[in-house]
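# Structure at a glance
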There are 2 protein chains.
Amino acid sequence: MLKIAIIGVGTVGSSVINILQDNKDIIAARAGCEIVPTIGVVNNLDKKREVNIKLTDNIDEVFNDDSIDMIVELMGGIEKPYEIVKKALAKGIPVVTANKALLAYHRYELQDLAGDTPFEYEASVAGGIPIVNALREGLSANHIESIKGILNGTCNYMLTKMINEGVNYEEILKEAQALGYAEADPTFDVGGFDAAHKLLILASIAYGIDAKPEDILIEGIQNISKHDIAFAKEFNYTIKLLTIAKKIGNEIQLRVHPVFISINEMIAKVDGVMNGISVIGDKVGETMYYGPGAGGNATASAVIANIIDIARKGKGSPMLGFEKSLKQDLVLANPNTIETNYYLRLQIEDKPGVLAKIASVLGDKNISIEKMLQKPDENNNALLLLSTHICKEKDIKEALEALENLSYVSAKPAMIRIEA
Amino acid sequence: MLKIAIIGVGTVGSSVINILQDNKDIIAARAGCEIVPTIGVVNNLDKKREVNIKLTDNIDEVFNDDSIDMIVELMGGIEKPYEIVKKALAKGIPVVTANKALLAYHRYELQDLAGDTPFEYEASVAGGIPIVNALREGLSANHIESIKGILNGTCNYMLTKMINEGVNYEEILKEAQALGYAEADPTFDVGGFDAAHKLLILASIAYGIDAKPEDILIEGIQNISKHDIAFAKEFNYTIKLLTIAKKIGNEIQLRVHPVFISINEMIAKVDGVMNGISVIGDKVGETMYYGPGAGGNATASAVIANIIDIARKGKGSPMLGFEKSLKQDLVLANPNTIETNYYLRLQIEDKPGVLAKIASVLGDKNISIEKMLQKPDENNNALLLLSTHICKEKDIKEALEALENLSYVSAKPAMIRIEA
């Protein structure tokens, strides 16, 4: 029998307790022993919770009980769970967490601290999809060429509605908030930060590369307009908030931003609140993983998978996928080294010669236009929507700055990268 | 250092050897030790192979060499590899195999024989997709409600071409043979037997249920006509050869057959030679896995993932996913208990009263029509293409027999199940 303490009994914590009880027979058959949620630690004992378990607001009750075999950290936040997890690992107690923020900041320290003590975190990325498992074990023979993920269900829900139903950003944000898909302050989701935390975890498993959220390119979906949607539809693209890890030589690009992507790509077919991750390995080619990225039961499914794994075999794979550090020296790429196709949205005065001047600004930066759509906007300005051939991020940024300063460009130009 | 013997150096065996050599640095970093392909066993030493390894045609060279740490069985067939794997496991040598036929017939005996000796088989199902890993470890908290798989790339390639390009079955079979996607005798693929082998392996992991190919419903794609394709297009279906495992109460349906399936289902978007598996767990909901189901490098990627897992942690999860047998008594369902929507293709004489008689035959069996399409065929017969509301397999079969015996039904009626 394995006795589990649950630290944090919110949506996910309650689901973990309930599933361990509901599915106890099949879990015991798969794990080889009974797994019993024994105590839950909460901040507020007065709050009503739909669980049948002893609750306490004193974490010491867990640490003072030598019969506890494993700690499941589901409290959220960073520094407080960090202290608790460190304390557990120092005592050699196996830990399972779903805490992406904790790992985005402290994964390497925690790996060192854990040593031979099992420390698992499947639920921290893409909820119920076993992507940590797939990347760390299933694809371990491969150099990973790229990971492209739809890792934030809130953004994907909003973008899907914007594209399929023509709803605008402000409307759909309100709807997502009403449905509980988006927070009152939605920045963490729509700004790309949640997805970035998850990307950093996957990048460690794929490349053994350490980086913090502050180190990487993160752009959100706040500025996507109906004109961008129109351009996407015209040219068989969809728009997704994509997390991208890409190996170019010994440089690893890590970035989160909206992209135009062909509707024919498998990852482009991941709609609504669902998550998806496409991984390209140098030997296996593309594999893709799809499923619910959030929700109590889906996330708990991944948490319990880790608990069962630890019950089955103790310490399994190395936490972040590498037993020894790689000899190859991989470094984080500067975002200015990105080379891709770009989409630009320019609001311009509708008069002769303007297009020529814009084309010449782009030409000066070695940027050539691939597709273009011009139409009037609601204020009798002209909207110029265009995509470029492959060019350099640095050049695009300089061109955007130059364009913004032109007198007949009447609003800050918008740029969205195109993922080939 | 881990020394590996490769039994069978064909397409997959050669890829395993080459990848272990090409990617040896990253594999060593992930595994914690060097993994060295040491000897290959072949039938014909004279055949040219693109590998840099010692070859022998004498398997005893492997068994007499105590320095061999692991055997990788990639020879194909059933009884000969069975003897070799049994001998290895009896000596306590870890085994990795990609042999689905071996497992379709002998997986439980091999699990018993293996005991604490690692015995893995990720590559036996869906090539490079780590579906064994996902189902056995990633979804272990769940009762599995269903598994729907596109597990045969040959059939999926053919059906995709038939639907997207209007090519007929005979033409596309010839093309698939020319491209090397289909064998000279294509029965094993197009008849559904290859997919059935893989389904049986997944069903063991999901349900702990033993069955042989002979025990389950297997139908191939040989009888799909352009009229069926037309019906699919008319009603927003696509046609896939689907492997289905479904839990209804304590009965497990295991079946392989073509289905009509809505183009909006994620699994319906898996096209060409690619494989996909949709799994529904009672807690996680639907997750889906997509990737290359065949090919030397993709299959080798899965084989090597197993080798690395064994290097990392020795015996990992229980081979077929269960440490103890389940208390629940799951039994294989009789195919006659299937209840679903059905599609029928009837070739009938085009004269008054015929439709009424057909409708009455169906009505007598409690089968009601949902959608219908009638059109003339090339021989001035009428083609009646229809789908039914949900009804019983037993009733449909009896209705088909009754219809076949009607004088104005001029060819054997065809039936395809519709997957909701």
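None of these values were measured; they are calculated from a predicted model.

## Here's the deal with the overall build of chain A
Looking only at helices and strands, chain A features 14 helices and 18 strands. Taking 22 Å as the expected radius of gyration for a compact globule of 420 residues, we find that chain A reaches 24 Å, a close match to that expectation. In terms of overall dimensions, chain A has a C-alpha envelope of 80 × 50 × 35 Å along the principal axes. Among the 420 residues that make up chain A, the fraction classed as buried is 52%. For chain A, the proportion of contacts with a sequence separation of at least 24, taken over those separated by at least 6, is 74%.

## Quick word on the nonpolar core
One finds V72 of chain A together with V72 of chain B to be the most contacted residues of the largest nonpolar core, which totals 279 residues. Apart from residues lying up to four places away in sequence, V72 of chain B is in contact with I4, A5, I6, I7, V16, V96, V303 and I307 of chain B.

## A short note on the relation of the copies chain A and chain B
The two copies are related by a screw operation: chain A maps onto chain B through 180° of rotation and 0.0 Å of translation along the axis, at an RMSD of 0.0 Å. Overall, the copies show the geometry of a two-fold rotation axis. Nearest to the rotation axis, the C-alpha of Y289 of chain A is located 2.4 Å from it, this being the minimum over chain A. Taken together, the interface assignments show that 100% of the residues at the interface of chain A recur at the interface of chain B, consistent with an identical surface on both copies.

## Regarding the environment of F322 of chain B
Along the polypeptide, F322 of chain B turns up in the loop between α12 (296-313) and β13 (331-332). Along the sequence, F322 of chain B and L344 of chain B sit 22 residues apart, while their C-alpha atoms lie 41 Å from each other. Other than its neighbours up to four places away in sequence, F322 of chain B contacts A29 and R30 of chain A together with G208 of chain B.

## Side note on the interface of chain A and chain B
Frequently, the measure chosen for interface size is the accessible area removed from exposure when the parts meet. Contacts between the two partners involve 54 residues from chain A and, on the opposite side, 54 residues from chain B. Counting residues per element, the ones that place at least two in the side of chain A that touches chain B are α2 (24-31), α6 (131-138), β12 (285-292) and α12 (296-313) of chain A. In terms of residue class, the side of chain A that touches chain B is built from 23 nonpolar, 19 polar and 12 charged.

## Examining the sheet that holds strand β4 (residues 70-73) of chain A
The strand order across the open sheet built from 6 strands is β3-β2-β1-β4-β5-β6 (chain A), with neighbouring strands paired in parallel fashion. Looking along the sheet, the strands with just one partner apiece sit at the ends: β3 (54-56) and β6 (119-120) of chain A.

## Digging into the sheet that holds strand β1 (residues 2-7) of chain B
Paired through backbone hydrogen bonds, the strands of a sheet run either parallel or antiparallel to each other. Residues and elements named next belong to chain B. If you trace the 6 strands from one edge of the open sheet to the other, you get β3-β2-β1-β4-β5-β6, paired in parallel fashion. At either end of the open sheet lies a strand with only one pairing partner, and these are β3 (54-56) and β6 (119-120). Pairing geometry for strand β4 (residues 70-73) and strand β5 (residues 95-97), over 3 bridges, is parallel. If you follow I71 over to β5, its bridge partner there is V95. Strands in contact with α12 are β1, β2 (35-41), β4, β5 and β6; relative to β4, the strand with the most contacts, it is inclined by about 160°.

## Focus on the packing of helix α7 (residues 153-165) of chain A against helix α8 (residues 169-178) of chain A
A pair of packed helices is characterised by two quantities: the angle between their axes and the separation of those axes. Residue and element names in this part refer to chain A. Contact geometry for α7 and α8: axes closest at 10 Å, N-to-C directions at 130°. Accordingly, the angle class assigned to the pair α7 and α8 is oblique. Remark: the crossing between α7 and α8 carries right-handed chirality. Residue-level inspection shows T154, Y157, M158, K161 and M162 of α7 in contact with α8, the latter providing Y169, I172, L173 and A176. Split by residue class, the contact of α7 with α8 holds 7 nonpolar, 1 polar and 1 charged.

## Focus: the domain arrangement of chain A
Residue and element names in this part refer to chain A. Domain annotation of chain A identifies domain 1 (2-132 + 297-313), domain 2 (145-290) and domain 3 (338-419). The C-alpha centroid of domain 3 is placed 23 Å from the C-alpha centroid of domain 2. Taken together, the contact between domain 2 and domain 3 spans 15 residues of the former and 12 residues of the latter. If you list the elements that add at least two residues to the side of domain 2 that touches domain 3, you get α11 (226-234) and β10 (251-262). Element by element, the count of residues in the side of domain 2 that touches domain 3 is highest for β10, at 6 residues. For the side of domain 2 that touches domain 3, the per-class residue count stands at 7 nonpolar, 5 polar and 3 charged.

## Topic: helix α4 (residues 79-90) of chain B
All names here are of chain B. With 12 residues, α4 should reach 16 Å at 1.5 Å per residue; the first-to-last C-alpha distance of 16 Å fits that figure. For α4, the complete set of buried residues consists of P81, I84, V85, A88 and L89. Projected down its long axis, α4 carries its buried residues within an arc of 130°, all on one side. Exposed residues on α4 whose side chains face more than 90 degrees from its buried face are E79, E83 and A90. Taken together, the buried residues of α4 touch β1, β4, β5, α5 (100-114) and β6. Just downstream of α4, G92 is the residue with a positive phi angle, here 75°.

## Regarding the pairing of strand β10 (residues 251-262) of chain B
Residue and element names in this part refer to chain B. The element β10 is extensively covered by neighbouring structure, given that 10 of its 12 residues are classed as buried. Here 2 bridges tie strand β8 (residues 217-218) to β10, and the two strands are oriented parallel to one another. Bridging from a neighbouring strand, I218 pairs with V256 of β10. Here strand β9 (residues 237-248) pairs with β10 via 12 bridges, running antiparallel. The residue bridging K246 from the neighbouring strand is Q253, located in β10. Adjacent in sequence and paired antiparallel, β9 and β10 are bridged by 2 residues, among which G249 carries a positive phi angle near 60°. Where β10 meets β13, 2 bridges bridge the pair, whose relative direction is parallel. Bridging from a neighbouring strand, I252 pairs with L332 of β13. Here β10 pairs with strand β18 (residues 414-419) via 3 bridges, running parallel.

## Focus on the packing of helix α5 (residues 100-114) of chain A against helix α10 (residues 193-207) of chain A
Residue and element names in this part refer to chain A. Running from N to C, α5 and α10 cross one another at 50°; their axes reach a closest spacing of 8 Å. In terms of orientation, α5 lies oblique with respect to α10. With respect to the hand of their crossing, α5 and α10 are arranged in left-handed fashion. From α5, K100, A101, L103, A104 and R107 reach across to α10, where they touch H197, K198, L200, I201 and S204. Looking at the contact of α5 with α10 residue by residue, the class counts come to 5 nonpolar, 2 polar and 3 charged.

## Re the environment of V303 of chain A
All names here are of chain A. Structurally, V303 is set in helix α12. Spatially, the C-alpha atoms of V303 and K24 are 15 Å apart, while their sequence positions differ by 279 residues. Not counting the four nearest positions on each side in its chain, V303 is found in contact with V12, V16, V72, V96, A98 and A123.

## Focus: helix α10 (residues 193-207) of chain B
An α-helical turn contains 3.6 residues, so a residue and the one three or four places further along point in the same direction. All names here are of chain B. Under the 1.5 Å per step criterion, the end-to-end length of α10 is 20 Å for 15 residues, consistent within 8% with the ideal 21 Å. Among the 15 residues of α10, 14 are classified as buried, and the element is accordingly described as predominantly covered. Remark: G208 follows α10 within two positions and exhibits a positive phi of approximately 65°.

## Topic: unusual backbone geometry
Backbone geometry places N366 of chain A, a non-glycine residue, at a positive phi of 65°. Tracing the backbone through its elements, the reader meets N366 of chain A in the loop between α13 (354-364) and β15 (369-376). Judged by the 12 C-beta atoms lying within 10 Å of it, N366 of chain A falls in the exposed class. The phi torsion at N236 of chain B lies on the positive side, around 60°, for a residue other than glycine. The topology assignment puts N236 of chain B in the loop between α11 (226-234) and β9.

The rules we used
Residues numbered from 1 in each chain as written. Chains lettered and ligands numbered in written order. Predicted model: local features only at pLDDT ≥ 70, side-chain atom pairs only at ≥ 80, totals over all residues. Helix = DSSP H or I, 4+ residues; strand = E, 2+ residues; numbered from the N terminus. Rg over C-alpha atoms; globule rule 2.2 N^0.38 Å. Buried ≥ 20, exposed ≤ 12 C-beta atoms within 10 Å, placed from the backbone. Contact = placed C-beta atoms within 7 Å. Core = buried A, V, L, I, M, F, W, Y, C linked by C-beta atoms within 7 Å. Least-squares fit on C-alpha atoms with pLDDT ≥ 70 in both. Nonpolar A, V, L, I, M, F, W, Y, C, P; charged D, E, K, R; others polar. Pairing = 2+ DSSP bridges. Axes fitted to C-alpha atoms, helices over the stretch in contact; angles between N-to-C directions. Parallel < 35°, antiparallel > 145°, perpendicular 65-115°, else oblique. Left-handed = near helix turned anticlockwise from the far one by under 90°. Domains from an automatic or database assignment. Expected span 1.5 Å × (residues − 1). Arc of directions from axis to C-beta.

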